[in-house]
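Secondary and tertiary structure notes
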Amino acid sequence: MTDTTSSFPVPAPAVVSSAATSLASAFGGGGDDAPLRVAVIVGSNREGRFGPTVAEWLLARVRERSDLTVDVVDLAEVDLPTSLSFRPSTAVSTELAKVTPKLAAADAFIVLTPEYNHSYPASLKSVIDWHKGEWQAKPVAFVSYGGLSGGLRAVEHLRPVFAELHTVTIRDTVSFHNAGALFDDAGRHRDPAAADAAAKAMLDQVAWWGWALRKAKADRPYGS
């Protein structure tokens, strides 16, 4: 089953499209109407992970939108130590260079996470803790996957972590319960209607907050 935490009715596709295209004019301000840059963070680096299948599904939906552009931060391609340092070694700096510029440039984030032992992967906590200002005053949405819980317990653990970093977490999530059974061998969702509707609702919220916070920071830098 595919689920969303939203209790609100999902807008019809035409309404969603109209709302998305109007966000730039509503919040662009100062002539800055460039599409929002969304960093999709693939949180699992586990051997045999299912994350890439869900990531490809998600990326296809983000790329359908003219108001969003996407960068991918795949934590399987980043090797950050759990021991933090104010003076990272050359090797660690090389790893940070793979991810920090993308996080800094992003207007918004979508975190894709599985659930490991009722929480989220250590690789995800590590990349979060190695950064600070890159997260601030930006929206963060969540897509999760797992067994019966669909990864929702991982998401609930991530919310207070991102609150500490001065982000705005998006209420509605997209979650895949018993995820392995939902996709065929080619990575296609077997019954995508509910998941697609949930993704549109979530992405509209990401876009609204992304434009609103971009405009607010242009008018007054965060923390000033």
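Report on the accompanying structure.

What counts and how
Residues numbered from 1 in each chain as written. Predicted model: local features only at pLDDT ≥ 70, side-chain atom pairs only at ≥ 80, totals over all residues. Heavy atoms only, no water. 1 Å grid on protein atoms, 1.4 Å probe; cavity = no way out; pocket = protein on both sides within 12 Å on 5 of 7 lines; lining within 4 Å. Points joined across faces, edges and corners; volume = space filled by probe spheres on them. Nonpolar A, V, L, I, M, F, W, Y, C, P; charged D, E, K, R; others polar. Helix = DSSP H or I, 4+ residues; strand = E, 2+ residues; numbered from the N terminus. Polar contact = N/O pair within 3.5 Å; in protein donor to acceptor, adjacent residues only side chain to side chain. Contact = heavy atoms within 4.5 Å. Axes fitted to C-alpha atoms, helices over the stretch in contact; angles between N-to-C directions. Parallel < 35°, antiparallel > 145°, perpendicular 65-115°, else oblique.

Turning to the layout of surface pockets, a few remarks are in order. Reported here for the second largest pocket is a volume of approximately 190 Å³. If you trace the second largest pocket, you find it lined by Leu84, Ser85, Phe86, Pro88, Leu96, Asp129 and Trp130. The residue makeup of the lining of the second largest pocket, split by class, is 5 nonpolar, 1 polar and 1 charged.

Along the chain, Ser44 falls in the loop between strand S2 (36–42) and helix H2 (51–63). Among the polar contacts made by the side chain of Ser44, one reaches the main-chain amide nitrogen of Arg46 at a distance of 3.2 Å. Among the polar contacts made by the side chain of Ser44, one reaches the side chain of Tyr116 at a distance of 2.6 Å. Ignoring any residue separated from it by four or fewer positions in sequence, one finds Ser44 in contact with Arg49, Asp74, Ala76, Pro114, Tyr116, Pro121, Ser123 and Tyr145.

This next bit is on the packing of helix H4 (residues 122–129) against helix H5 (residues 152–164). Two elements in contact, H4 and H5, have axes whose closest approach is 12 Å; the angle formed by their N-to-C orientations is 10 degrees. Relative to H5, H4 is oriented roughly parallel. Contact with H4, carried on its side by Leu124, Lys125 and Ile128, involves Leu158, Val161 and Phe162 of H5 and no other residues of that element. Tallied by class, the residues present in the contact of H4 with H5 amount to 5 nonpolar, no polar and 1 charged.

By themselves, these are just geometric observations and shouldn't be taken as functional.
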